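# Chains, contacts and geometry: an overview
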Amino acid sequence: MNWSDRLHSAIPGGAHTYSRGDDQYPVNAPPILARGKGAYVWDADGKKFLDYGMGLRAITLGYAHDAVNAAAIAEIEKGNNLTRASLTELEAAEKILSLFPWASMVKFAKNGSIVTTAAVKLARAYTGRTHVAVPAEQPFFTYDDWFIGTTAMDKGIPAENKALSLKFNYNDIGSLEKLFAEHPGKIACVMLEPATSVSPCSASCASMLTPNSCATCANRSTNFLHQVKALCKQHGAVFVLDEMITGFRWDLHGAMKVYDIEPDLATFGKGMANGFALAALVGKKEIMDLGGIRTPGAERVFLISTTHGSEMSAFGAFNKCIDIYREQAVTDHLWNYGRRLIEGLNDVSKAAGTGDHFLAHGFGCSPYYTTKDKDGQVSLAFRTLWSQELIKGGVLMPWVALSLAHSDAELEHTLNAARNALAVYAKALNDGVEKHLVGPAIKPVFRKHN
Ligand SMILES: Cc1ncc(COP(=O)(O)O)c(C=O)c1O
């Protein structure tokens with residue numbers, strides 16, 4: 001049996017996470033990885049790839065960062081998970097709260113899904129309401145029923161459960177006003193990512209390539225996020241920012257700092273501890289303390305409470321990461337590298353004659369790319385071709401997650417690989433993408449049938 005067959009016979013989906021699955025990659029992608037260091041990963045045959053997947057965006061400093069690993073190992077030597085709260089957990093709690101002065105309490109967990117679901121539970125407990133609203137354009141908040149029930153993969157989820165989750169449109173405040181009007185007194189919270197590949201500014205944004213363009217923007221304090229917050233306040237709903245992707249990338253203090261906004265609750269995960277399993281729900285005391293045990297007579301909320309949630313290696317890694325972010329201006333590096341990557345890829349694309357079909361865009365700290373066919377339609381077949389050809393050049397780019405370990409040599413390597421890939425892309429625009437694909441096109445994660 002080959003690697004893929006062995007994986008699929010042992011693990012449903014062939015990998016822990018659907019976005020790690022075979023159907024998300026061209027057939028020439030490494031089917032299994034052995035290790036990572038810095039910006040690189042190695043497959044089972046020892047073949048090296050420059051990586052932009054970065055552990056599903058969890059790695060921000062580079063794989064196997066020596067100082068972070070040493071901090072985690074020091075905690076392992078102390079026992080890793082003790083019978084009561086540890087000194088390391090307290091240090092991590094006080095450290096994360098020092099980043100977000102508007103918040104006074106934090107509850108840690110091992111995955112982002114746990115903290116977003118905990119935010120929903122707290123919001124329901126706080127408001128006594130049932131419904132949740134999220135933007136239709138944002139692809140993922142948790143693997144739990146309240147969200148997955150709203151996707152095409154709703155099998156196994158009772159209809160009454162998914163009926164409680166409502167969708168509005170990002171950057172369209174009217175669509176959220178409509179939800180509040182249609183469900184009076186029902187919406188417990190509004191949860192959204194502050195930004196994705198688009199910014200929350202009502203005016204079209206001239207430049208998302210540098211953090212300062214947002215920090216000095218006239219719309220900074222009146223943008224969509226502020227409109228959502230005002231609406232939540234007006235209707236008594238809890239305002240939740242999910243910073244799973246934006247946190248520790250837009251800024252050490254979150255995208256909320258860039259957009260000058262303070263939520264009631266916020267969730268973090270990826271990027272907190274350079275790949276060690278850690279997520280956090282931070283928030284205002286009046287909501288978070290519903291999960292506490294010190295208010296005599298108060299009805300109790302069973303907030304996150306798990307065996308492995310106190311793992312000290314992850315806290316040690318997080319504490320060290322924060323020091324490194326402060327010492328080495330990590331997010332500035334991400335913004336600078338990403339801006340050069342976006343500009344470089346677009347220059348290469350123009351030179352290859354694919355400028356209208358392959359486009360790099362998004363924020364400097366979080367670039368995206370879009371692949372279009374010859375009619376200008378977004379195309380998964382062309383996305384597959386791009387990935388396939390980059391892999392031939394030793395670059396794995398399922399999406400673009402940057403790290404401190406991506407530097408000048410990596411940028412040059414990427415642009416060289418892109419030059420070759422886009423030469424093939426240009427040919428495929430002329431003579432058909434099927435002629436150049438060596439296997440099936442990648443498929444959307446959220447599809448009803450295999
Ligand atoms: C915006 C967002 N929220 C929540 C999650 C869930 O995090 P996790 O995969 O750690 O459960 C993800 C994961 O991709 C995410 O992108």
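Residues numbered from 1 in each chain as written. Predicted model: local features only at pLDDT ≥ 70, side-chain atom pairs only at ≥ 80, totals over all residues. Heavy atoms only, no water.

## Examining the overall build of the protein chain
Formally: Helix and strand assignments come from DSSP, with helices taken as H or I runs of at least 4 residues and strands as E runs of at least 2, each series counted from the N terminus. Categorising residues by exposure relies on relative accessible area from a 1.4 Å probe, with only protein chains included: less than 20% of the type maximum marks a residue as buried, more than 50% marks it as exposed, and the intermediate range marks it as partly exposed. For this analysis, residues touch if any pair of their heavy atoms sits within 4.5 Å.
The helix and strand inventory of the protein chain stands at 16 helices and 13 strands. Counting only C-alpha atoms and orienting by the principal axes, one finds that the protein chain spans roughly 70 × 55 × 50 Å. For the protein chain, buried positions account for 52% of its 450 residues. Looking at the protein chain alone, contacts between residues at least 24 apart form 72% of all its contacts between residues at least 6 apart.

## With respect to unusual backbone geometry
In this model, Ala64 sits at a positive phi of 50°, which is unusual for a non-glycine residue. On the basis of relative accessible area, Ala64 is assigned to the partly exposed category, the value being 29%. Even without being glycine, Asp260 reaches a positive phi, approximately 55°. Take Asp260: it is sitting in the loop between helix 11 (255-258) and strand 9 (265-268).

## Here's the deal with the sheet that holds strand 4 (residues 105-109)
Formally: Here the rule is simple: two strands pair whenever DSSP picks up at least two bridges between them. Every axis in this analysis is a line fitted to C-alpha atoms, fitted for helices over the stretch in contact. Angles between the N-to-C directions lie between 0 and 180 degrees.
Taking strand neighbours across the sheet as the criterion, the 7 strands line up as 4-10-9-8-7-5-6 in an open arrangement whose pairing is mixed. Every other strand in the sheet has two partners, leaving strand 4 and strand 6 (165-168) as the edge strands with one partner each. Between one strand axis and the next, the sheet turns by 20° as a mean value, whatever way the strands run. Both strand 5 (residues 131-135) and strand 7 (residues 187-192) contribute to a ladder of 3 bridges, which runs parallel. Looking at strand 7, one finds that Val132 is bridged to Cys189. Helix 5 (residues 112-127) contacts strand 4, strand 5, strand 7, strand 8 (238-242), strand 9 and strand 10 (279-283) of the sheet and is inclined by roughly 150° relative to strand 7.

## Quick notes on the sheet that holds strand 13 (residues 395-396)
Pairing in this open sheet of 4 strands is mixed, and the strands run 1-2-3-13 from one edge to the other. The open sheet has two edge strands with one neighbour each: strand 1 (33-37) and strand 13.

## Notes on the layout of surface pockets
The condition is simple: Note on definitions: the grid is 1 Å and covers protein atoms alone; a cavity is a set of points where a 1.4 Å probe fits but cannot get out; a pocket is an open set with protein on both sides within 12 Å along at least five of seven lines; lining residues have an atom within 4 Å of a point. Grid points are joined across faces, edges and corners, and a volume is the space filled by probe spheres set on the points. By the convention adopted, Pro, Cys, Tyr, Trp, Phe, Met, Ile, Leu, Val and Ala count as nonpolar, Lys, Arg, Asp and Glu as charged, and the other residues, Gly among them, as polar.
One number sums up the size of the second largest pocket: a volume of about 1,100 Å³. Contributing to the lining of the second largest pocket are 30 residues, with Ala85, Glu89, Lys107, Gly291 and Ile304 lying nearest its centre. Put simply, the parts of the chain that give the lining of the second largest pocket at least two residues each are helix 4 (87-99), strand 4 and helix 12 (285-288). The residue inventory of the lining of the second largest pocket, partitioned by class, reads 13 nonpolar, 10 polar and 7 charged.

## A short note on the nonpolar core
Taken as a class, soluble globular proteins show a tendency for nonpolar side chains to be buried jointly. Rules: Working definition of a nonpolar core: buried Ala, Val, Leu, Ile, Met, Phe, Trp, Tyr and Cys residues. They are joined through side-chain atoms within 4.5 Å. Segment limits for the domains were obtained from an automatic or database-derived domain assignment.
Counting 99 residues, the largest nonpolar core has Ile96, Phe108, Leu176, Tyr259, Met272 and Trp386 as the members making the most contacts within it. Considering each element in turn, this core owes the most residues, 10 residues, to helix 16 (residues 408-431). Two domains each put at least three residues into this core: domain 1 (3-64 + 330-435) and domain 2 (66-328). Once residues within four sequence positions are removed from consideration, Phe108 is found in contact with Glu89, Ala92, Ala93, Ile96, Met272, Leu278, Ala279, Ala280, Ile304, Gly309 and Phe315. Residues Leu122, Ile157, Cys189 and Leu281 belong to the second largest nonpolar core, which totals 28 residues.

## Quick word on the packing of aromatic side chains
Let me state the cut-off plainly: Stacked, tilted and edge-to-face are the three classes assigned to paired rings of Phe, Tyr and Trp, where Trp is represented by its six-membered ring and a pair needs centres within 6.5 Å; plane angles under 30 degrees give stacked, over 60 edge-to-face, the rest tilted.
In the structure shown here, the tally under the stated rule is 19 aromatic pairs. Relative to Trp335, the ring of Trp250 lies with its centre 6.4 Å away and its plane at 80°, an arrangement referred to as edge-to-face. In this pair, Trp250 is assigned in the loop between strand 8 and helix 11 and Trp335 in helix 14 (residues 330-352), connecting sequence segments 85 residues apart. The class of Trp335 is buried, set by a relative accessible area of 1%.

## Section: the domain arrangement of the protein chain
Definition in use: Buried area: the accessible area, evaluated with a 1.4 Å probe, that two parts lose upon being put together, summed over both parts. By salt bridge we mean one thing: a side-chain nitrogen of Lys or Arg within 4 Å of a carboxyl oxygen of Asp or Glu. As used in this structure description, the phrase polar contact means that two N or O atoms lie within 3.5 Å; if the pair is within protein, one of them must be able to donate a hydrogen and the other to accept it, and residues adjacent in sequence are counted only when both atoms belong to side chains.
Domain parsing of the protein chain yields domain 1 (3-64 + 330-435) and domain 2 (66-328). With 26 residues of domain 1 at the interface, the matching set in domain 2 holds 27 residues. Carbon and sulfur atoms supply 62% of the area that domain 1 and domain 2 bury against each other, a total of about 2,400 Å² over both sides. Taken together, domain 1 and domain 2 are joined by 1 salt bridge. Applying the counting rule to domain 1 against domain 2 returns 15 residue pairs in polar contact (both at pLDDT 80 or more). Of all the secondary-structure elements, those providing two or more residues to the side of domain 1 that touches domain 2 are helix 2 (54-57), helix 14, strand 11 (358-363) and strand 12 (366-371). The element contributing the most residues to the side of domain 1 that touches domain 2 is helix 14, with 7 residues.

## Details of the side chain of Thr60
By the secondary structure assignment, Thr60 is in the loop between helix 2 and helix 3 (66-77). A polar atom in the side chain of Thr60 sits 2.9 Å from the side chain of Tyr325. Each residue touching Thr60, except ones within four places of it in the same chain, is listed here: Phe248, Arg249, Gly271, Asn274, Tyr325, Val330, Leu334, Leu402, Ser403 and Leu404.

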